[in-house]
Amino acid sequence: MDSDVQRIAVVGLGPMGQALATAFARAGHEVTVWNRTPGKAEGLPVPVSVAGSVSEVVRAADVVVACLIDDAAVRGVVEGVDFEGRPLVNLTSSDPRQAREMARWADVQGFAYLPGVILTPTPMIGTPAGTVLLSGDAGVYDRVASALAALGERIVYLGPDPARASAFDVALLDLFATATNGLLHAFALAGAEGIAPSEFAGFAAGMGGLLPEMATRFAAQLESGEFPGSRSTIASAASSVRHITAAAREHGLDTGMLDAAQGVIEHAVAQGHGADGLGRLATMFGPR
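Presented here is a report on the structure given in the accompanying data block. In this text the structure is predicted, and so the values were computed from the model without any measurement.

Calculation rules
Residues numbered from 1 in each chain as written. Predicted model: local features only at pLDDT ≥ 70, side-chain atom pairs only at ≥ 80, totals over all residues. Heavy atoms only, no water. Salt bridge = Lys/Arg side-chain N within 4 Å of Asp/Glu carboxyl O. Buried < 20%, exposed > 50% of the residue type's maximum accessible area, 1.4 Å probe, protein only. Helix = DSSP H or I, 4+ residues; strand = E, 2+ residues; numbered from the N terminus. 1 Å grid on protein atoms, 1.4 Å probe; cavity = no way out; pocket = protein on both sides within 12 Å on 5 of 7 lines; lining within 4 Å. Points joined across faces, edges and corners; volume = space filled by probe spheres on them. Nonpolar A, V, L, I, M, F, W, Y, C, P; charged D, E, K, R; others polar. Pairing = 2+ DSSP bridges. Right-handed = clockwise from strand over helix to strand, strands pointing away. Axes fitted to C-alpha atoms, helices over the stretch in contact; angles between N-to-C directions. Parallel < 35°, antiparallel > 145°, perpendicular 65-115°, else oblique. Left-handed = near helix turned anticlockwise from the far one by under 90°. Contact = heavy atoms within 4.5 Å.

### So, the pattern of salt bridges
Going through the model one piece at a time under the given rule, you end up with 9 salt bridges. Salt-bridge contacts for Glu84 lead to Arg86; the nearest nitrogen and oxygen are separated by 3.3 Å. Accessibility expressed as a relative area gives 58% for Glu84, which makes it exposed. Taking the shortest distance from any N to any O, the salt bridge between Arg231 and Glu213 comes out at 3.2 Å. With Arg231 in the loop between α8 (211-224) and α9 (234-250) and Glu213 in helix α8, this residue pair connects regions lying 18 residues apart in the sequence. For Arg231, a relative accessible area of 59% translates into the label exposed. The exposure class assigned to Glu213 is partly exposed, which follows from its relative accessible area of 35%.

Structure representation (C-alpha cells):
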C-alpha cells in the first residue's frame, strides 16, 4: 500500500458529505462511509465501502470525518462509540459557543478531536479552490493534515482555540448573508421602478467589485484606529440611506435591513463621527 494512502471514514452523506467522500477517494484514499438513511452512497461517482453502523465505519478508518446537520447530530451518532484513539474531524457548521461546547464534550468523551469549517461549495471540494479552516488541538491537526489535503489547496490551521474556525465562518457568512440580501433587495427596488433584472445586473456586478478593496482598506483603518473621510463620510452615507429607504417605502417594500443600517449610521453621526470614513461604522455595532 502507498504510504500516503489512508483509511478515511466519512460520517454523513448529505451533499457536502458526498463531496468530501468523493474527494478523498479521488485522492487515492480508502474511503468508508456511513449515513443514517441507507442508499446515499449509491450515487457517488467513486467506489467506496459502506458501513452498517457508526462503530463499523470508525473501525474501518485511520481518520474519521463527520459532516452532519449540526453538532447535536454528531454527538447523537458518535456518543458511546469507542474510537480507540482515532481522530474525529468535525466539519459540521456551528457557532463559536457551540464549537467550544462540542470541544469540551469531546474532551470528556476522550476523543482526539478537531473542529473545522468548509468555506467552499460542493463543486470546489477536491479542487485547488477548496478551502477548509481548522482550529483546536495542534497535535490532532498534525495527524490529519495530510489526509485533509485531498479537499483543496487551502487547508488552514488557525490555532488552539476550538472556536476560532467557527468564528471566521460566522463572520464570513454574515458578510455573505447581508450582501446577498442587499443584492436581492436592490433587484426588488429596481424592479419596482421598472428596471429589468438583466439591465440592472451589469451595474450591480460592478458594485460588488468594490468590496475587495474596501475590505483591505477598512481592515487597515480598524487596526490603526484612524478613519479618514477623504473618500466618503458617514454623514453622506446617512443622506444616501434616507433616500434609499424613502424610495423603498414608496413602493411598499420591506425596509427592515435599511432601517437597521440607518440606525447604526445615525448613531455614529450622533456620537460625532459624521466626518469619519465608513470604516468607523464597524466600531458602532456594540451595545449602546
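### Here we look at the layout of surface pockets
Approximately 470 Å³ is the volume attributed to the second largest pocket. In this structure, the second largest pocket is lined by 19 residues; those nearest its centre are Met16, Ser93, Ile118, Asp169 and Leu173. Residue contributions to the lining of the second largest pocket peak at 4 residues, all from helix α6 (residues 164-192). Its residues assigned to classes, the lining of the second largest pocket comprises 13 nonpolar, 5 polar and 1 charged.

### Brief notes about the pairing of strand β7 (residues 127-134)
As judged from the 3 bridges shared by strand β6 (residues 112-118) and β7, these two strands associate in the antiparallel manner. Each bridged residue has a counterpart across the sheet, and for Gly116 the counterpart in β7 is Leu134. After leaving β7, the chain enters helix α5 (residues 138-148) and then returns to the sheet as strand β8 (residues 152-157), a path that is right-handed.

### Section: empty space enclosed by the protein
Inspection of the entire model under this criterion finds 1 cavity of 30 Å³ or more. Reported here for the largest cavity is a volume of approximately 70 Å³. Around the largest cavity sit 13 residues that line it, and Thr92, Ser94, Ala99, Pro115 and Gly116 are the ones nearest its centre. Elements supplying a minimum of two residues to the lining of the largest cavity: β6 and α6. The leading source of residues in the lining of the largest cavity is β6, at 4 residues. Considered class by class, the residues forming the lining of the largest cavity number 6 nonpolar, 6 polar and 1 charged.

### Quick look at the packing of α6 against helix α7 (residues 197-208)
Remark: α6 packs on α7, axes separated minimally by 10 Å, with the N-to-C direction vectors making an angle of 135°. Comparing the axis directions of α6 and α7 gives the class oblique. In this structure, the crossing between α6 and α7 has a hand that is right-handed. Between α6 and α7, the contacting residues are Leu183, Ala186, Phe187 and Ala190 on the first element and Pro197, Phe200, Ala201 and Ala204 on the second.

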